[in-house]
Amino acid sequence: MDLPFAVDLTGKTAVVTGGTGVLGSYFARALAACGARVAIIGRNEQAARDVIAGIRGEAEFFRGDVTDKASLEAARAEILSRFGNPDILVNGAGGNNPKATTDDETFLGTPGAKDFFALEPDGMKQVFDLNYHGTLLASQVFARDMLGREGACIVNVTSMSAYRPLTKVPIYSGAKAAIINLTMWMAVYFAKAGLRVNAIAPGFYVTSQNRALLFDAQGNPTPRTGKILRATPMDRFGEPEELLGALLFLVSPKASRFVTGVTIPVDGGFSAYAGV
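From a predicted model like this one, the values you see are computed outputs, not experimental measurements. (Residues numbered from 1 in each chain as written. Predicted model: local features only at pLDDT ≥ 70, side-chain atom pairs only at ≥ 80, totals over all residues. Heavy atoms only, no water.)

Trainee: How would you summarise the overall build of the chain if you had to cite specific residues and measurements?
Mentor: Counting its secondary structure elements, the chain contains eight helices and seven strands. The C-alpha radius of gyration computed for the chain amounts to 19 Å, which stays within 12% of the reference 19 Å derived for 276 residues, consistent with globular compactness. Each principal axis of the C-alpha distribution contributes one length, and for the chain these read about 55 × 40 × 40 Å. Total accessible area on the chain is roughly 12,900 Å²; 56% of this is exposed by carbon and sulfur atoms. Separation between the mean location of the 27 positive side-chain charges and that of the 26 negative ones in the chain comes to 5 Å. (Helix = DSSP H or I, 4+ residues; strand = E, 2+ residues; numbered from the N terminus. Rg over C-alpha atoms; globule rule 2.2 N^0.38 Å. Areas by Shrake-Rupley, 256 points an atom, 1.4 Å probe, with all protein chains shown as cover. Lys, Arg positive; Asp, Glu negative; His and termini not counted. Charge placed at Lys NZ, Arg CZ, Asp CG, Glu CD.)

If you want it as structure tokens, here you go:
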């Protein structure tokens, strides 16, 4: 893997939730390439094995569900036994659910449409649990072992939808906004304990979870893609490796040692553009 710059993480242990996803797998590979021992937490062992096969460095899979604190505690015990105390936590697990997504961008009153009133409680709960509670619970479980360790840090992953809610995904947008708030809260809470907490806000990247919203069955861009690109001054989707500069800056024991409580947009200018 070509890294934007070198960060020496030799001897560090990094825990990555969501490490089998498109973006999370890049995080895991980058941390390992910098010398960290990487613990990938997830539910799909085969997907994790596929990621690990492409990692240059030391990485292992540990079964865990970020919405289930008991399973995270079990993963923690295994990680402590295998790698020792974690120094870095990347809360990359997240995603959306069709049950929490509307078909319409604005209310039109179309009979039978999946509108705001048709959003399903179990889907809404799953999205908020995965994104917000998953970040909170993983931090509760792993931060205790990070306190007092030099260079210890947490990096959360939020979204452009946290700044301006995107149409169709109200619960996902709300959960990602809550992660920015939680990032700032934890940064203040743990500042005197030497634990830094920051976040990355990706712009628009094509992943397995959003592909159907961005491209039709024939692979053609949807109208939503057109809107996104018109609102992104760089006029393209991001590439996963373009998130690594922000990640490596935030986990660097030297470069960002006085940085905490911030969220870095990596969005091609989306958050800066007013549309005119």
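Trainee: Residue-level account of the packing of aromatic side chains, with values.
Mentor: The description of an aromatic ring pair rests on the distance of the ring centres and on the angle between the ring planes. Scanning the model with the defined rule gives eight aromatic pairs in all. For the pair Tyr189 and Phe190, a centre-to-centre distance of 5.0 Å together with 80° between the ring planes defines the contact as edge-to-face. Ring plane angle 70° and centroid distance 5.0 Å describe the contact between Phe204 and Phe270, whose orientation is recorded as edge-to-face. Residue Phe204 is found in the loop between strand 6 (196–202) and helix 6 (211–214), and its partner Phe270 is found in the segment after strand 7 (263–266); the two are separated by 66 residues along the sequence. Of the two residues, Phe204 and Phe270, neither departs from the other in class, the shared state being buried. Through a chain of ring-to-ring contacts, the aromatic side chains of Phe107, Phe116 and Phe117 assemble into a single cluster. Between the NZ or CZ atom of Arg29 and the centre of the ring of Tyr26, over which it lies, the distance is 4.5 Å. (Phe/Tyr/Trp six-rings, centres within 6.5 Å; stacked < 30°, edge-to-face > 60°. Buried < 20%, exposed > 50% of the residue type's maximum accessible area, 1.4 Å probe, protein only. Lys NZ or Arg CZ within 6 Å of the ring centre and 35° of its normal.)

Trainee: Now, about the sheet that holds strand 7: what can you tell me, with residues and values included?
Mentor: The strand order 3-2-1-4-5-6-7 describes an open sheet built from seven strands, whose pairing is parallel. Unpaired on one side and paired on the other, strand 3 (59–63) and strand 7 mark the two borders of the sheet. Direction aside, neighbouring strands of the sheet carry axes that sit 20° apart on average. Bridging between strand 5 (residues 153–157) and strand 6 involves five bridges; their strand directions are parallel. Opposite Val157, over in strand 6, you have Ile200 as the bridge partner. In this fold helix 2 (residues 45–53) packs onto strand 2 (37–42) and strand 3, with an angle of close to 170° to the strand it touches most, strand 3. (Pairing = 2+ DSSP bridges. Axes fitted to C-alpha atoms, helices over the stretch in contact; angles between N-to-C directions. Contact = heavy atoms within 4.5 Å.)

Trainee: I'd like to hear about the packing of helix 4 (residues 121–143) against helix 5 (residues 170–190), residue by residue, with values.
Mentor: Direction vectors running N to C along helix 4 and helix 5 enclose 15°, while the axes themselves pass 8 Å from each other. Relative to helix 5, the element helix 4 lies roughly parallel. When the axes of helix 4 and helix 5 are compared, the crossing they make is right-handed. Note on element contacts: helix 5 touches helix 4 through Ile171, Tyr172, Gly174, Ala175, Lys176, Ala178, Ile179, Leu182, Met186 and Phe190, opposite Met124, Val127, Phe128, Asn131, Tyr132, Thr135, Leu136, Ser139 and Ala143. (Parallel < 35°, antiparallel > 145°, perpendicular 65-115°, else oblique. Left-handed = near helix turned anticlockwise from the far one by under 90°.)

Trainee: Describe the nonpolar core, listing the residues and the values that go with them.
Mentor: By size, the foremost hydrophobic cluster in this structure holds 35 residues, and its most contacted members are Leu9, Leu31, Val38, Ile40, Ile200, Leu247 and Val251. Secondary structure elements with two or more residues in this core: strand 1 (13–17), helix 1 (22–33), strand 2, helix 2, strand 3, strand 4 (88–91), strand 5 and helix 8 (244–251). Not counting residues within four places of it along the chain, the set of residues in contact with Ile200 comprises Val155, Asn156, Val157, Thr158, Leu243, Ala246, Leu247, Leu250, Thr263, Ile264 and Val266. Judged by nonpolar contacts, the second largest core, of 30 residues, contains Ala75, Phe142, Leu195 and Val197. (Core = buried A, V, L, I, M, F, W, Y, C linked by side-chain atoms within 4.5 Å.)

Trainee: A description of unusual backbone geometry should follow, citing residues and the corresponding values.
Mentor: If you check the backbone angles, Lys168 has positive phi at about 80° while not being a glycine. Tracing the backbone shows Lys168 in the loop between strand 5 and helix 5.

Trainee: With reference to specific residues and values, describe the environment of Ile179.
Mentor: Structurally, the position occupied by Ile179 is in helix 5. Taking the C-alpha atoms as reference points, Ile179 and Leu136, 43 residues apart in sequence, are found 8.5 Å from one another. Those residues in contact with Ile179, other than ones at most four positions away along the chain, are Asn131, Tyr132, Thr135, Asn156, Val157 and Thr158.

Trainee: Residue-level account of the side chain of Asp129, with values.
Mentor: Along the chain, Asp129 falls in helix 4. Take Asp129: its relative accessible area is 16%, and that puts it in the buried class. For Asp129, the residues in contact, after removing those within four places along its chain, are Thr67 and Gly134.

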